[in-house]
Amino acid sequence: MVKLIIGGTGSGKTKELIDQVNAAVKEEKGSVVCISRGNKLTFDISHDARLIDAADYPVSDIASLLGFVGGLHAGNYDITHVFIDSLTKIVPTESYTQTEEFLAWLNNFGEKHNIKFTITISDEPDLAPEGIKQYF
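Cut-offs and rules
Residues numbered from 1 in each chain as written. Predicted model: local features only at pLDDT ≥ 70, side-chain atom pairs only at ≥ 80, totals over all residues. Heavy atoms only, no water. Helix = DSSP H or I, 4+ residues; strand = E, 2+ residues; numbered from the N terminus. Rg over C-alpha atoms; globule rule 2.2 N^0.38 Å. Pairing = 2+ DSSP bridges. Axes fitted to C-alpha atoms, helices over the stretch in contact; angles between N-to-C directions. Contact = heavy atoms within 4.5 Å. Expected span 1.5 Å × (residues − 1). Buried < 20%, exposed > 50% of the residue type's maximum accessible area, 1.4 Å probe, protein only. Arc of directions from axis to C-beta. Core = buried A, V, L, I, M, F, W, Y, C linked by side-chain atoms within 4.5 Å.

Draft legend 1. Examining the overall build of the chain more closely. Summing up its helical and strand segments, the chain has five helices and five strands in all. Put simply, the chain runs from its N terminus to its C terminus through helices and strands in the order β-α-β-β-α-β-α-α-β-α. Relative to the compact-globule value of 14 Å for 136 residues, the chain shows a C-alpha radius of gyration of 14 Å, a close match. Along the first, second and third principal axes, the C-alpha atoms of the chain reach 35 × 30 × 25 Å.

Structural data, given as structure tokens:
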């Protein structure tokens, strides 16, 4: 399952993500992972969530992020929720097509392995194509 939090800069996406990470840690029985770029969330999310700075790893495009997520699961089958803050800052994309394919892969992977994904994207929601809007 994939859920998108999308909005322009300063619209409260990261605050909503932080609230959802902290709620997931309290409510879910498995491991909660949050992937971001930089350490800005270090003091905002619960220490019970696994915060990963994508800049510490060779994650530079959609393909490497797919491998990274797959590797996280391979190393810990107890992951129940993965949060990704600012997808396009972690892996800049050239088109919505790449983002749509990534979200479709995550959705299928999540359904197969019972993992929820919540992702923030900085963009105006009305500019997103239908392939992305389905995850709002």
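Draft legend 2. Examining the sheet that holds strand β3 (residues 50–53) more closely. Strand order in this open sheet of five strands is β1-β5-β4-β2-β3, and the pairing throughout is parallel. Two strands bound the open sheet, and with one partner strand each, they are β1 (2–7) and β3. Taking each pair of neighbouring strands and ignoring which way they run, the sheet shows an average axis angle of 15°. As defined by bridge partners, β1 adjoins strand β5 (residues 116–122) across six bridges and the pair is classed as parallel. Residue pairing in the sheet places Lys3 in a bridge with Thr118 of β5. Of the strands in this sheet, β1, β2 (31–36), β4 (79–84) and β5 are in contact with helix α1 (residues 13–27), which crosses β1 at around 150°. Packed onto the sheet, helix α2 (residues 62–75) meets β2, β3, β4 and β5 and runs at close to 155° relative to β2.

Draft legend 3. Local environment of the side chain of Ser86. Among the structural elements, Ser86 can be located in the loop between β4 and α3 (87–90). Among residues more than four places away in sequence, those in contact with Ser86 are Lys40 and Thr120.

Draft legend 4. Expanded view of α2. Between its terminal C-alpha atoms α2 stretches 20 Å, which fits the 20 Å expected from 14 residues at 1.5 Å a residue. Residues Ile62, Leu65, Phe68, Val69, Leu72 and His73 constitute the buried set of α2. Down the axis, α2 shows its buried residues gathered within 135° of arc, on one side only. Among the exposed residues of α2, those pointing more than 90 degrees away from its buried face are Ala63 and Gly75.

Draft legend 5. Spotlight on the nonpolar core. Core analysis: the largest hydrophobic core is formed by 30 residues, its most contacted members being Ile35, Ile84, Phe102 and Ile119. At the level of secondary structure, the elements contributing two or more residues to this core comprise β1, β2, α2, β4, α3, α4 (96–113) and β5. If sequence neighbours within four positions are ignored, Ile84 has contacts with Leu17, Ile35, Ile90, Phe102, Leu106, Thr118, Ile119 and Thr120. Core analysis: the second largest hydrophobic core is formed by eleven residues, Leu17, Ile18, Ala24 and Cys34 among them.

Draft legend 6. The side chain of Asn107, seen in detail. Counting through the fold element by element, Asn107 comes out in helix α4. The exposure class assigned to Asn107 is buried, which follows from its relative accessible area of 17%. For Asn107, the contacting residues outside a window of four places in its chain are Met1, Val2 and Tyr135.

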